[in-house]
Number of protein chains: 4
Amino acid sequence: MNSIGTLLRLTTFGESHGVAMGGVLDGLPAGTRIDMEAVQRMIDRRRTGVDPLTSQRRETDIPEILSGITADGIALGTPIGFIFRNSDARSKDYGDLADHYRPNHADYTYDKKYGIRDYRGGGRASARETVNWVMGGALVAEWLKTSGISVEARLTQAGTAGYADPFRSMREDPEESVFEIEPAIENAMRDEVDAARRDRDSVGGRVSCVIRGVPAGVGNPVFDKLQARLAAAMMSLNAAKGFEYGLGAGSATNRGSDILDFFNEDFSPQPFATNFAGGILGGISTGMSVYFNVWFKPTPTISRPLPMPDKNGTLRDVKVEGRHDPCVAMRAPVIVEALAWLTIGDMLLTSGVGI
Amino acid sequence: MNSIGTLLRLTTFGESHGVAMGGVLDGLPAGTRIDMEAVQRMIDRRRTGVDPLTSQRRETDIPEILSGITADGIALGTPIGFIFRNSDARSKDYGDLADHYRPNHADYTYDKKYGIRDYRGGGRASARETVNWVMGGALVAEWLKTSGISVEARLTQAGTAGYADPFRSMREDPEESVFEIEPAIENAMRDEVDAARRDRDSVGGRVSCVIRGVPAGVGNPVFDKLQARLAAAMMSLNAAKGFEYGLGAGSATNRGSDILDFFNEDFSPQPFATNFAGGILGGISTGMSVYFNVWFKPTPTISRPLPMPDKNGTLRDVKVEGRHDPCVAMRAPVIVEALAWLTIGDMLLTSGVGI
Amino acid sequence: MNSIGTLLRLTTFGESHGVAMGGVLDGLPAGTRIDMEAVQRMIDRRRTGVDPLTSQRRETDIPEILSGITADGIALGTPIGFIFRNSDARSKDYGDLADHYRPNHADYTYDKKYGIRDYRGGGRASARETVNWVMGGALVAEWLKTSGISVEARLTQAGTAGYADPFRSMREDPEESVFEIEPAIENAMRDEVDAARRDRDSVGGRVSCVIRGVPAGVGNPVFDKLQARLAAAMMSLNAAKGFEYGLGAGSATNRGSDILDFFNEDFSPQPFATNFAGGILGGISTGMSVYFNVWFKPTPTISRPLPMPDKNGTLRDVKVEGRHDPCVAMRAPVIVEALAWLTIGDMLLTSGVGI
Amino acid sequence: MNSIGTLLRLTTFGESHGVAMGGVLDGLPAGTRIDMEAVQRMIDRRRTGVDPLTSQRRETDIPEILSGITADGIALGTPIGFIFRNSDARSKDYGDLADHYRPNHADYTYDKKYGIRDYRGGGRASARETVNWVMGGALVAEWLKTSGISVEARLTQAGTAGYADPFRSMREDPEESVFEIEPAIENAMRDEVDAARRDRDSVGGRVSCVIRGVPAGVGNPVFDKLQARLAAAMMSLNAAKGFEYGLGAGSATNRGSDILDFFNEDFSPQPFATNFAGGILGGISTGMSVYFNVWFKPTPTISRPLPMPDKNGTLRDVKVEGRHDPCVAMRAPVIVEALAWLTIGDMLLTSGVGI
């Protein structure tokens, strides 16, 4: 249950303040040339401690490759084992939480399910786990780097600030679509996060992602549709509360006649004139860009004393001292990208679509 | 790829205008007493032709059970095979579509992927497939009917009409929550659909669903979370464009401090005072109600001549004569319920949670 | 748990004396031209009632195709649903067995596991189930009929009569290997079966199978090896008690130096000079013929009164009146072939080996 | 494809002379108390270098636990990551093999499949991989140590020496069965191995295994039968060439009437008077001991110059200098036990059989 993918499968392990995080990527095609510097750059994008607005925990976050890749960076086709040592775990910060449950964290449910939990830093439920996902996604990105497929995710809303329609250009001009970047909006988003931080509070947000260059034919109806697999991957992110692709929830208020993607004559220069559909029809990629949004709740950890129960339900005010992000969505884009790479990579293989 | 579930698995088959739809439900616990009348009632809720606003196609939709259930309705623990004959398939209606692709349908992608397709009535991509899902879900509902678990889904938005916050009571009064039903809003939704039908157009919508009575502990982190499995199931619905649970996309604009679900003293009368989380934390059910929304696009088939390409990309105006729903979301609640039953049933087993 | 295969997956259902046997073959490549007469010929090879030495039950055994194949026999790439009606089920024959367990049958274990069973004709545990497997295998054979891959299985031992080394030619002359057929041995095998039948007894046997033309590279170490998948498939046959490939159990008494398969210079005319390995090294096909044996126990049903317990363990002499094969291995070759086709077909896809 | 199990799943990685071997055991029930000394003892039983007749390679073979177990040895229910550093890899020994294929090794097939291979010590195809399996199996053994289930495997044939019928007592006196141990036979087996070693040759063998205490009801017909899963697990062992359970291949020559396991009156003191069936009927455990044999080929590596081809097929005499076992079966019992533990543990969970 800690695995994602069918033919290209990532299996992960690790508690936040345990010995190490790690994983096994099985099924990466043999012969893939891995540029470890590019992998590291993707991992670094996720790193905490870089931006003053995100958590101040500093891990070196340099993976140790244990198998599956030759000394000169060629994938053997055998499973790639890797680990990240947890070097900077200040477990003492969490002492008060050993026997109390934080609201809206997984403390309570892990204890109900397993009867035991590693309370240090959230244990298995910590966002630290996502370093494994970024590692897996970065390796898949290396495989597909010459395939014409690209993945790009951005924070497009933080609290009440953000882009009204981040994908407008992808629908109106699918061929030349870009994320629009408005400095004023970017600043407004940062201001919201900063204000929340100063208030010892947190805000939610939205990450928007586009996968360009997906060939037509990826996805397997009826229970292995591309959108179903993307949704499952994205909803694996702890703080994710919603997923929508193409026109998404906005579809509800539209008339059908307003959002038909008409075909271009001769399917040229691309099959469809618009891309309201979000690049998927009937669960199968159309050859147009695939785009989707992921919605995030505010970080439930806030730096204020909160009433928390012990195992017996006796409430007591506890203040969480650890370091936390005021807006988890800020660090999420590279994780969303990684999950998108993992999903697309696996589905290329299960769909039998060559690249 | 036409299977859903791990230990309780539904595998389906069937083209809309082929010989029959059907499926195999594997893993339903032996000894389950199946009330076939209750199963039929659930199937009938999905049936077309009942409501003048939904498609006029009439199928008897009575399943033939081929195996796995004794003559007196006891599940054997062996796979349950069932079929629905396609008795009322007016294939001639679709003659014009044999060599043209409808916009925003799966015609183009099926042809790109498979090189061949059954164009009659949408073939495998038709919503007729969902009769199999309802059958599977109804059987799971029979298994769980005395478990205290219940599933209820409703149309809560059609076009621009609908409920602003269908889950308010589930958050404010989780113990006594009900769907609020306002006749004025119900009428407004019907009016939107009727208007679309009269305009030979269609509208989108939203279905809201609550699963009550889920025991704590259901869901398997980190890649088999309850919300990930629900999302994947719901995104299997062809017209579904978005999924959100708990506060959903609305989370983004909240401050963390506003949406914490505080614990009740002594976990009584229930563990949490509110249920913003939607009954899931860390991928595991909390014991509170699980609730979520599914967003639907408007039916892409509208009864007007539309430019459609043949295989070579030559466009021609074609009018689709078949019978279609102006708002697919209207028929979706029972299908959403069925998928919820299938998901919960399987996850109870994989989570090792007794009921 | 009633499914076999990953990308090419057969899911089956049916009790021996229920309404119908049936299955869903998912993943057969679109565009496969199915010669239904060839499929029927394979099904007919399995049929009972043809040979006086095998069971006298006569089913028409003509599948009804419900989906996935066009009227002119082209696979759509969608799941192929099929059923076989159980037309000739003389359930009254089994009346005495409703509340008694036959020795060495699955009666006792099904009741222990499920608390209920369909006792008529063995229910789900009946060899009748294998008609579904032959159907699935025959469809895969159609897909691969022009691939150069062929599968051939033969009865090579019945009781004490049989071939000492049915695969000698495949090792000594791998390129031109054939099953040797000695009329005297064939007659001796038939005589053993006939003698057992006359004695109202049964005998065991061995089926030998060769898969020719498997390209190199099929099989996925370390837990999805070709031999592991073949073994699992063959051990699904109820009466199968042993599986061995290549030199098999005979390997134990050999010195390593005696059974090395030396390479041919320039890998020509084929990579290896001999094929003691059985066409698999490290779990991956070598490009040489794959061959294996399956060992079968005698049919446990014999036409004599036997002491059988009821649910409470009270023994009583019961005579089974049904029709049964004195040597199940006699009917097994076509089933072994079908399982081999299903396994090879799936592993070609999961191994990414084109054909 | 480097994973075994459904709900209790071991995923492994590692090349023989790479950085480390390792794995992830997912699904071990939370709360399991792990006695790491017992785990280490099982690992040590597999260790090379202990017995002068087995390979002289010495690894410390002490696992590093990275996650999933608390400091005081309690399983968290989260995945258990572990690694074994490859400390004593004398890679220079294998220099000659970088561009030549050894007969009956996986060199050729890995190169055909992947286009690249780690030739050092057999890379991924090395028996060193089995240290991961023993680790996984030892953890499962810890879980089940108070369940009444036990697993015992022994070498019962080496070359031509061995026990004629190692399981006689399990059939004749199922309640009190033991492996008979005859010093003369034990010595004869050792003499065969020693003789082969002195001749710079190797011999095959057989390992016999019994699983006692398996409750009735384990196994899922029809494609997830207990014997099918055991066979697949055992055939994952590189040198394994055959699997048989119960009477096995010996069944073939028996009359049905000779090997019926009659029931005991009142199912007492155990359900069956004999256990020819090997503890499984219809794919489901009967509650009697499960026993099976695994047949092994001689180690293909022998310390003599052998003609080996390079990639182009040009043959040259090469002598392999590495350290190797003259009889791989000698080290196999603990590995067979580990695979049996992994299989039984997973099937208890998927079968829903409490222990």
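Just above sits the structure.
The structure contained in this document is the topic of the report that follows. (Residues numbered from 1 in each chain as written. Chains lettered and ligands numbered in written order. Predicted model: local features only at pLDDT ≥ 70, side-chain atom pairs only at ≥ 80, totals over all residues. Heavy atoms only, no water.)

Concerning the sheet that holds strand β4 (residues 64-65) of chain C
Residue and element names in this part refer to chain C. Within the open sheet, the five strands sit side by side as β1-β2-β3-β5-β4. Their pairing is antiparallel. The sheet is open, and its two borders are formed by β1 (3-4) and β4, each paired with just one other strand. Bridge count between β1 and strand β2 (residues 9-13): two bridges; the pairing is antiparallel. Opposite I4, over in β2, you have L10 as the bridge partner. (Pairing = 2+ DSSP bridges. Helix = DSSP H or I, 4+ residues; strand = E, 2+ residues; numbered from the N terminus.)

Concerning the sheet that holds strand β3 (residues 20-26) of chain B
Residues and elements named next belong to chain B. Ordered in space as β1-β2-β3-β5-β4, the five strands form an open sheet in which the pairing is antiparallel. Among the strands making up the open sheet, the edge pair consists of β1 (3-4) and β4 (64-65). In this structure, β4 lies alongside strand β5 (residues 80-85), joined through two bridges in antiparallel fashion. Paired with I65 across the strands is F82, a residue of β5.

Examining the interface of chain B and chain A
With 104 residues of chain B at the contact, the number on the chain A side is 104 residues. Note on chain B versus chain A: buried area summed over both sides is about 7,800 Å², and carbon and sulfur give 63% of it. When the buried surface of chain B facing chain A is broken down by residue, M1(B), F223(B) and K241(B) rank first, second and third, together holding 11% of it. Seen at the junction of chain B and chain A, the total is four salt bridges. (Contact = heavy atoms within 4.5 Å. Buried area = accessible area lost by both parts, 1.4 Å probe. Salt bridge = Lys/Arg side-chain N within 4 Å of Asp/Glu carboxyl O.)

Thoughts on the packing of helix α6 (residues 226-234) of chain C against helix α7 (residues 328-350) of chain C
All names here are of chain C. The geometry of α6 relative to α7 is characterised by a closest axis approach of 10 Å and an angle of 145 degrees between their N-to-C directions. The two elements α6 and α7 meet at a crossing, and its hand is right-handed. Residues L226, R229, L230, A233 and M234 of α6 touch α7, and the partners they reach there are V336, L339, A340, T343, I344, D346 and M347. (Axes fitted to C-alpha atoms, helices over the stretch in contact; angles between N-to-C directions. Left-handed = near helix turned anticlockwise from the far one by under 90°.)

Examining the interface of chain D and chain C
With 104 residues of chain D at the contact, the number on the chain C side is 104 residues. For the pair chain D and chain C, the summed buried area comes to about 7,800 Å², and 63% of that belongs to carbon and sulfur atoms. Per-residue buried area on chain D facing chain C is highest for M1(D), F223(D) and K241(D); these three make up 11% of the total on that side. Our enumeration of links across chain D and chain C arrives at four salt bridges. Remark: the boundary between chain D and chain C carries 47 residue pairs in polar contact (both at pLDDT 80 or more). The residue makeup of the side of chain D that touches chain C, split by class, is 49 nonpolar, 36 polar and 19 charged. For strand β9 (residues 240-245) of chain C and strand β9 (residues 240-245) of chain D, the ladder comprises three bridges, and the chain directions are antiparallel. Across the sheet, residue G242(C) finds its bridge partner in β9(D), namely E244(D). (Polar contact = N/O pair within 3.5 Å; in protein donor to acceptor, adjacent residues only side chain to side chain. Nonpolar A, V, L, I, M, F, W, Y, C, P; charged D, E, K, R; others polar.)

As for the relation of the copies chain D and chain C
Expressed as a screw operation, the relation of chain D to chain C combines 0.0 Å of axial shift with a rotation of 180 degrees, fitting to an RMSD of 0.0 Å. Read as a symmetry element, the transformation amounts to a two-fold axis. Taken as a fraction of all interface residues of chain D, those also at the interface in chain C reach 100%, which identifies the copy contact as same-surface. (Least-squares fit on C-alpha atoms with pLDDT ≥ 70 in both.)

As for the pairing of strand β2 (residues 9-13) of chain A
Remark: a regular strand shows side chains that alternate across the two faces of the sheet. All names here are of chain A. Burial runs high along β2: five of the five residues are buried. Neither face of β2 is exposed, since R9, T11 and F13 on one face and L10 and T12 on the opposite face are all buried. Remark: four residues form the turn of the hairpin made by strand β1 (residues 3-4) and β2, two consecutive strands paired antiparallel; G5 in that turn has positive phi of roughly 110 degrees. Pairing analysis gives five bridges linking β2 to strand β3 (residues 20-26), with the strands arranged antiparallel. Bridge pairing in β3 links L10 to L25. Between β2 and β3, which pair antiparallel and follow one another directly, the connecting turn spans six residues, one of which, G14, has a positive phi of 125 degrees. (Buried < 20%, exposed > 50% of the residue type's maximum accessible area, 1.4 Å probe, protein only.)

Here's the deal with the packing of aromatic side chains
Under the defined criterion, the tally for this structure stands at 56 aromatic pairs over all chains. Aromatic pair Y108(C) and F263(D): ring centres 5.5 Å apart, planes at 65 degrees, arrangement edge-to-face. Remark: F263(D) occurs in the loop between β9 and β10 (280-281) and Y108(C) occurs in helix α2 (residues 107-114); the pair is interchain, linking two chains. For the pair Y108(C) and F263(D), one class covers both residues: buried. (Phe/Tyr/Trp six-rings, centres within 6.5 Å; stacked < 30°, edge-to-face > 60°.)

Notes on helix α1 (residues 36-46) of chain D
Each turn of an α-helix holds 3.6 residues, which means side chains three or four residues apart point in the same direction. Every buried residue of α1(D) is listed here: A38(D), V39(D), Q40(D), M42(D), I43(D) and R46(D). Looking at the buried positions of α1(D), the neighbouring elements they touch are β5 (80-85), α3 (130-143) and α7 (328-350) of chain D.

Side note on the relation of the copies chain B and chain A
After a rotation of 180 degrees and a shift along the axis of 0.0 Å, chain B superposes on chain A with an RMSD of 0.0 Å. Here 100% of the contact residues of chain B are again contact residues in chain A; the copies associate through an equivalent surface.

A few points about the packing of helix α1 (residues 36-46) of chain A against helix α7 (residues 328-350) of chain A
Residues and elements named next belong to chain A. Running from amino to carboxyl end, α1 crosses α7 at an angle of 135 degrees, the nearest separation of the two axes being 7 Å. The orientation of α1 with respect to α7, classified from their angle, is oblique. When α1 is examined against α7, the residues M42, R45 and R46 are found in contact with a partner set consisting of R331, V334, I335, E337, A338 and W341. Grouping the amino acids of the contact of α1 with α7 by side-chain chemistry returns five nonpolar, no polar and four charged. (Parallel < 35°, antiparallel > 145°, perpendicular 65-115°, else oblique.)

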